[in-house]
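# Per-entry structural report
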Amino acid sequence: MDHNYKQTGQGKLRFGRSLMSRYIILILAAILFVPVVLPIISVIYIVVVNNTNTDREAPYGDVTRISNLWSREAENLDGASEEEIRARLEQLHGTYPKSSMYRVNTSGETVFILGGEDVTLLKSPSPDGLTDTTLRWSLDSGQTTETHIPALWNVNNTVQFMKEASFRDPLTVVAYIGGNEQDKGQGFMIIEVPRSLLQMRQSNWPMELLYLGIVMTIIFLIFIIMSILFFARIRKRLIRLQTAMMTPGKAGIPLPVDIRQSDEIGQLEDSFNQMVHQLTDSHHREREEELLRKRLIAGLSHDLRTPLTVIRGHMHALHKENLSEQGIHSLQRMEAKMEDLGGLIDNMLSYNLLTSGKYTLKLEEKDMLRIVRETAASWYPVWEREQFEIDIDLPEKPLIWQMDEQGMRRILDNLFQNVIRHAASGKYIGITTQEIQGETAIVVQDRGPGLQQDSDTKGTGLGLSIVDLLIREMGLRKRVDSSEAGVRTYIYSGAGSHKPGE
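Residues numbered from 1 in each chain as written. Predicted model: local features only at pLDDT ≥ 70, side-chain atom pairs only at ≥ 80, totals over all residues. Heavy atoms only, no water.

Before going further, it helps to examine the overall build of the chain. Summing up its helical and strand segments, the chain has 11 helices and 14 strands in all. Looking at the chain as a whole, 35% of its 502 residues qualify as buried. Taking as baseline every contact in the chain between residues at least 6 positions apart, the subset at least 24 positions apart corresponds to 64%. Approximately 30,700 Å² of the chain is accessible, and the part contributed by carbon and sulfur atoms is 55%. (Helix = DSSP H or I, 4+ residues; strand = E, 2+ residues; numbered from the N terminus. Buried < 20%, exposed > 50% of the residue type's maximum accessible area, 1.4 Å probe, protein only. Contact = heavy atoms within 4.5 Å. Areas by Shrake-Rupley, 256 points an atom, 1.4 Å probe, with all protein chains shown as cover.)

The next thing to look at is a nonpolar patch on the surface. Taken together, Met-20, Tyr-23, Ile-24, Ile-27, Leu-28, Ile-31, Leu-32, Val-36, Ile-40, Ile-44 and Phe-231 make up a surface patch of nonpolar side chains, about 960 Å² in accessible area. Of all elements in the fold, only α1 (19-31) and α2 (33-52) reach the threshold of two or more residues within the nonpolar patch. With 6 residues, α1 is the largest single contributor of residues to the nonpolar patch. In this structure, Ile-40 sits in helix α2. Under the relative-accessibility criterion, Ile-40 is labelled partly exposed at 46%. (Patch = residues over 30% accessible without salt bridge, like charges linked within 9 Å, V, L, I, M, F, W, Y side chains within 5 Å. Salt bridge = Lys/Arg side-chain N within 4 Å of Asp/Glu carboxyl O.)

This part is about the nonpolar core. Membership of the largest hydrophobic core comes to 36 residues, with the highest contact counts inside it found for Met-368, Trp-383, Trp-401, Met-408, Ile-411 and Phe-416. A per-element tally of this core places helix α9 (residues 368-385) first, with 8 residues. (Core = buried A, V, L, I, M, F, W, Y, C linked by side-chain atoms within 4.5 Å.)

Looking now at the sheet that holds strand β1 (residues 100-104). Strand order in the open sheet made by the 4 strands is β2-β1-β7-β6, with antiparallel pairing throughout. Of all strands in the sheet, those with a lone pairing partner are β2 (110-114) and β6 (171-176), marking the two edges. Sheet twist, expressed as the average angle between the axes of neighbouring strands with direction ignored, equals 15°. Note: β1 against strand β7 (residues 188-193), 5 bridges, orientation antiparallel. Looking at β7, one finds that Met-101 is bridged to Ile-191. (Pairing = 2+ DSSP bridges. Axes fitted to C-alpha atoms, helices over the stretch in contact; angles between N-to-C directions.)

In this section: the pattern of salt bridges. On inspection of all chains with the given rule, the structure shows 18 salt bridges. Between Glu-82 and Arg-103 there is a salt bridge, and its shortest N-O distance comes to 2.6 Å. On the criterion of sequence distance, the pair formed by Glu-82 in helix α4 (residues 82-95) and Arg-103 in strand β1 is long-range, its members being 21 residues apart. Notably, a salt bridge pairs Asp-468 with Lys-478, separated by 2.8 Å at the nearest N-O pair. Of the two residues, Asp-468 is situated in helix α11 (residues 462-473) and Lys-478 in strand β13 (residues 476-483); the sequence distance between them amounts to 10 residues. A residue is classified by how much of its surface remains accessible, and Lys-478, at 26% relative accessible area, is partly exposed. Members of the salt-bridge network, linked through shared partners, are Lys-362, Glu-364, Lys-366, Arg-370, Glu-374, Glu-405 and Arg-409.

With that out of the way, let us pick up the packing of helix α10 (residues 405-422) against α11. Their axes nearest at 9 Å, the elements α10 and α11 cross at an angle of 150°. Relative to α11, α10 is oriented roughly antiparallel. The interaxial crossing formed by α10 with α11 has left-handed handedness. Of the residues in α11, those touching α10 at Gly-407, Arg-410, Ile-411, Asn-414, Leu-415 and Asn-418 are Gly-463, Leu-464, Ile-466, Val-467, Leu-470 and Ile-471. For the contact of α10 with α11, a count of residues per class yields 7 nonpolar, 4 polar and 1 charged. (Parallel < 35°, antiparallel > 145°, perpendicular 65-115°, else oblique. Left-handed = near helix turned anticlockwise from the far one by under 90°. Nonpolar A, V, L, I, M, F, W, Y, C, P; charged D, E, K, R; others polar.)

Burial analysis of β1 places 5 of its 5 residues in the buried class, which makes it a mostly covered element. Here β1 shows two buried faces, one formed by Ser-100, Tyr-102 and Val-104 and the other by Met-101 and Arg-103. Note: β1 against β2, 4 bridges, orientation antiparallel. Paired with Val-104 across the bridge in β2 is Thr-110. Between the antiparallel neighbours β1 and β2 lie 5 residues, among them Gly-108 with a positive phi of about 85°.

Moving on to the environment of Ile-66. Looking at the element boundaries, Ile-66 is found in helix α3 (residues 63-76). Given a relative accessible area of 1%, Ile-66 falls into the buried group. Along the primary structure Ile-66 and Val-193 are separated by 127 residues, whereas in three dimensions their C-alpha atoms are 8.7 Å apart. If near-sequence neighbours (up to four positions away) are discounted, Ile-66 is found in contact with Tyr-60, Tyr-96, Val-173, Val-193 and Leu-198.

Right, let's get into the sheet that holds strand β3 (residues 119-125). The strand order across the open sheet formed by 3 strands is β3-β4-β5, and the pairing between neighbours is antiparallel. Looking at strand neighbours, the two that pair on one side only are β3 and β5 (144-149), the edges of this open sheet. Across the sheet, the axes of successive neighbouring strands diverge by a mean angle of 25°, strand direction being ignored.

The share of residues in the chain with pLDDT of 70 or more is 84%, and the mean pLDDT across the chain is 80. Confidence over residues 1-10 falls short of pLDDT 50; this stretch has 13 contacts with residues more than four positions distant or in other chains. Of the regions scoring below 50 in pLDDT, residues 497-502 engages in 12 contacts with residues more than four places distant in sequence or in other chains. (pLDDT = per-residue confidence, 0-100.)

The end-to-end C-alpha distance of α3, which contains 14 residues, comes to 20 Å, matching closely the 20 Å that a straight helix rising 1.5 Å per residue would cover. Taken together, the buried positions of α3 are Ile-66, Leu-69, Trp-70, Ser-71, Glu-73 and Ala-74. Lining the buried residues of α3 we find α4, β1, β6 and β7. (Expected span 1.5 Å × (residues − 1).)

Structure (structure tokens):
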């Protein structure tokens, strides 16, 4: 027998190929998901959003940008004429249309005013008879504010203007022409810009939070799907192995499975294959031993019949001789033993036929009680000779079973013979009926020592083995109750009993 299968899959399992390593990776991914993945995703999100979302930049830049721009323009206008200064400021006003710009000369006179798009210019007379200007701003907050521009600047209104400009909205930036923060005798210029145009637009945090939540949910779902696929794959392989275990092949032994991976389940599959091969080998050996035993029984039975027939012929011839009383008694004992030997040979042949499936049964509906009465009647002389107490109590109503009549008589003969051989000390044979599980059972009872540990009455004898095989082949059932008071054997129909015509 080839045993090469024992060498398959028995090598040491590498950790990298094991289910344990994959499961540890899965657990580590779950543990590191919140403290590691969440910060990384947040940083990536912030970097990407800040680099791609240009809409959040302030339209006019920040305060520093406007201040530097205004100072730089004032320095560049050093020595420029009023027309050049006006032209440059009008050009800047086109770039920043929502701002207001105006110019004050060296005499403190307001030369010109460029109002913003959302600014209303209001004229009002001043105490010195000139016309002052008021800029009314409509801010994004819904409020309005005013900037008072005198027609002629003096120390008082200049100081008051500077004090208010430091904290008010709009942002106010003052630069001296040619010197920025130093008065070079060329006057100064002023720009006013609403602070809302210098502030970074507020981010749409609900959408950002939703976006971040969607990304995190997708990553979490990927982790869940990977976990489900991991365990579903394990479950599929285990179900495949379970199906192979539950699916019988030839002789009721499962077929080997294909080993697809060398992990823990692969080792389990390899162990299962080894078990299948061992069972197959054991089954082959049992079949060979059974075949040898059947051949031995058949040959032995055939070889014994020939000398048995010759001995019976000579014993029959002895009856014609003038024998003494002792000789006659010895001849009768020899005939009895020959009958026992003939019965043993018949049992051996019957057992051999039953185990090989060659025993033909003719199942018909028969009256079980009639067969029991007729068989018991044939055993009356034997029981009386052995001085048995005979107790037969059978109802008159027929008990119809599906059976083979010859096989049933064989069953009863073997049971009665078993009582004679192993329960003769009780000197009792009882045959009656009893209800078991809603069915009427035939009960054969003795008062022998019961089923002993070393007794053939357990059913290990050839006669009781034939009883068990015939009962099984006819679809009947058998139950044995043993105690110190004796043995009770129940035989009943597995399909239920019925009367004719029912």
